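# Coordinate analysis (summary)
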Amino acid sequence: MSADPGAGDTVALFVVTAGAGVRERAAALRQAGELLDSIALQALALETAEAAAEWLHRRLRELWGFPDPPDMTMAERFRARYRGIRLSFGYPACPDLEPQADVFRLLQPEEIGVQLTEGFMMDPEASVSAVVFHHPDARYLA
């Protein structure tokens, strides 16, 4: 599955999640007076979903035939010094959440427990959806 430059552009869509139950467990911890543990659990879930998205984006670059250079540092990765971009709805490059409904229609992430709210937010919150473009000229907003 490599990206043939003569074949036009390729796009990937995905939804990943840290799973259900985080909100309920965090609420139970708060009620038990374990505020720090509640906050830590929520942060861990969000970072887990984000890490899964970043791993999958890196894997897509490998499958498309342009893996990250072996000497790429994490700092460079965090600054998106790789080929292509991963866009998620609700961020500055794609502020409108409504197109997320199209991603959900195509991928049906309800099968992995991710629902879309009436306001086009994902539930559970520790989930990431993305549209990934491999084009070498694709850039995030400067």
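Residues numbered from 1 in each chain as written. Predicted model: local features only at pLDDT ≥ 70, side-chain atom pairs only at ≥ 80, totals over all residues. Heavy atoms only, no water.

## Things to note about the overall build of the protein chain
Each helix and strand counted, the protein chain has four helices and five strands in total. Ordered by position in the sequence, the α and β elements of the protein chain form the string β-α-α-α-β-α-β-β-β. Along the three orthogonal principal directions, the C-alpha set of the protein chain runs to about 60 × 35 × 30 Å. Taken across its 142 residues, the protein chain has 33% of its residues classed as buried. Taking as baseline every contact in the protein chain between residues at least 6 positions apart, the subset at least 24 positions apart corresponds to 66%. Of the roughly 8900 Å² of accessible surface on the protein chain, a fraction of 57% belongs to carbon and sulfur atoms. A distance of 6 Å separates the average location of the 13 positive side-chain charges in the protein chain from that of its 21 negative side-chain charges. (Helix = DSSP H or I, 4+ residues; strand = E, 2+ residues; numbered from the N terminus. Buried < 20%, exposed > 50% of the residue type's maximum accessible area, 1.4 Å probe, protein only. Contact = heavy atoms within 4.5 Å. Areas by Shrake-Rupley, 256 points an atom, 1.4 Å probe, with all protein chains shown as cover. Lys, Arg positive; Asp, Glu negative; His and termini not counted. Charge placed at Lys NZ, Arg CZ, Asp CG, Glu CD.)

## Digging into the sheet that holds strand β1 (residues 11–17)
Strand order in the open sheet formed by three strands is β1-β5-β2, and the pairing between neighbours is antiparallel. Every interior strand has two partners, whereas the edge strands, β1 and β2 (85–87), have only one. Pairs of neighbouring strands in the sheet enclose a mean axial angle of 30°, with direction left out of account. Sheet contacts for helix α2 (residues 35–63): β1, β2 and β5 (127–133); angle to β1, the most-contacted strand, approximately 155°. Seen against the sheet, helix α4 (residues 100–107) touches β1 and β5 and runs at an angle of roughly 85° to β1. (Pairing = 2+ DSSP bridges. Axes fitted to C-alpha atoms, helices over the stretch in contact; angles between N-to-C directions.)

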